[in-house]
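If you want the building blocks of each chain, they are given just below.
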Amino acid sequence: MNNIIIAIDGYSSTGKGTFAVEIARRLGILYLDSGALYRTVTLYALRNGEIEWNGEIHDRMLQEDLLLGKVDISVAANPDGSMRVFLGGDDVSGKIRELEVARNVSAIATLPFVRNFVDEQLHRLGAKGCVMDGRDIGTAVFPNADLKIFMTADARIRAQRRVLQMEAAGQHPDFEAILRNVQERDYIDSHRAMNPLRKADDAIELDNSHMTVEEQMVWLDGILRERFNLSIL
Ligand code: DC
């Protein structure tokens with residue numbers, strides 16, 4: 001059953017990526033990180049002077065570039081199941097994790113033409129089966145997904161996770177600044193007009209504040225066995 005579509009939504013830094021990558025690796029299916037595509041569009045806009053220092057976006061310029069096909073995004077799978085993303089052939093998987101991108105990505109992701117662009121890419125890449133994570137996968141991108149999971153975790157725990165990730169990447173983040181960024185993004189993601197973050201009616205909620213990845217796998221294994229006769233343990 002490798003054409004299964006699993007949709008994972010939730011707040012930022014709830015560990016959706018880690019969870020989804022591990023599922024992809026164990027089931028041998030493609031992992032698609034929709035947030036990485038929003039981040040890549042944001043990086044493109046930053047590189048091309050389409051976002052001012054004060055956060056103002058030149059949205060007509062960006063819309064035109066998307067329409068003209070100038071924002072050339074492709075992806076590849078790593079052996080561990082994670083996803084690499086390329087902008088115009090340039091591997092930007094590391095660049096899109098920097099704070100400058102994080103600061104601007106929620107605003108970019110509120111633009112309807114950006115959402116339509118990313119949705120098209122996701123359909124193109126994932127239609128044949130995938131595990132995909134984001135904010136609106138189960139509600140808007142793949143409303144007929146075979147399985148929908150909605151992830152939550154305490155904001156301070158999420159900020160701490162992000163700090164550890166950035167430190168591992170050689171950066172020196174300030175905890176309070178990261179916590180503010182997490183809270184601001186929660187607000188923007190769940191209050192935007194188009195496809196805001198919300199739990200789909202048929203999604204199963206997973207609060208992983210105090211769960212290890214392996215405990216989450218055990219939790220999911222129970223569901224996969226019951227519904228699809230699949231196991232990931
Ligand atoms: O998951 P992430 O932190 O990489 O997501 C980056 C931003 O993209 C986040 O602020 C919300 C937005 N996003 C979205 O609006 N819809 C998605 N399906 C995925 C991400």
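Being a predicted model, the structure only gives us computed values, none of them experimental. (Residues numbered from 1 in each chain as written. Predicted model: local features only at pLDDT ≥ 70, side-chain atom pairs only at ≥ 80, totals over all residues. Heavy atoms only, no water.)

1. Overview of empty space enclosed by the protein
Evaluation of the coordinates by the stated rule reveals one cavity of 30 Å³ or more. Approximately 30 Å³ is the volume found for the largest cavity. If you trace the largest cavity, you find it lined by Asp-9, Gly-138, Thr-139, Lys-148, Ile-149, Arg-198, Ala-200 and Ala-203. Broken down by secondary-structure element, the contributors of at least two residues to the lining of the largest cavity are helix H6 (137–141) and strand S7 (147–152). Here the lining of the largest cavity is composed, by residue class, of three nonpolar, two polar and three charged. (1 Å grid on protein atoms, 1.4 Å probe; cavity = no way out; pocket = protein on both sides within 12 Å on 5 of 7 lines; lining within 4 Å. Points joined across faces, edges and corners; volume = space filled by probe spheres on them. Helix = DSSP H or I, 4+ residues; strand = E, 2+ residues; numbered from the N terminus. Nonpolar A, V, L, I, M, F, W, Y, C, P; charged D, E, K, R; others polar.)

2. Notes on the layout of surface pockets
Each pocket or cavity is described by its volume, and for the largest pocket that value is around 1200 Å³. Lining the largest pocket are 50 residues, and of these Gly-17, Asp-33, Arg-97, Arg-162 and Gln-165 sit closest to its centre. Broken down by class, the residue content of the lining of the largest pocket amounts to 18 nonpolar, 18 polar and 14 charged.

3. Quick look at the site of the ligand
As a structural note, the neighbourhood of the ligand is formed by 17 residues, with Arg-39, Ser-106, Arg-115, Asp-136 and Arg-192 the closest of them. Separating an oxygen atom of the ligand from a side-chain N or O atom of Ser-106 is a distance of 2.7 Å. Side-chain polar atom of Arg-185 to an oxygen atom of the ligand: 3.1 Å apart, as the coordinates give it. Bound to the protein, the ligand loses 96% of the 440 Å² it would expose on its own. Structurally, the ligand is housed in the largest pocket. Considering each element in turn, the shell around the ligand owes the most residues, four residues, to helix H2 (residues 34–47). In terms of residue class, the shell around the ligand is built from four nonpolar, four polar and nine charged. (Near = heavy atom within 4 Å. Polar contact = N/O pair within 3.5 Å; in protein donor to acceptor, adjacent residues only side chain to side chain. Areas by Shrake-Rupley, 256 points an atom, 1.4 Å probe, with all protein chains shown as cover. Sits in = over half its atoms within 2 Å of the grid points.)

On their own, these measurements won't tell you what the molecule is for.
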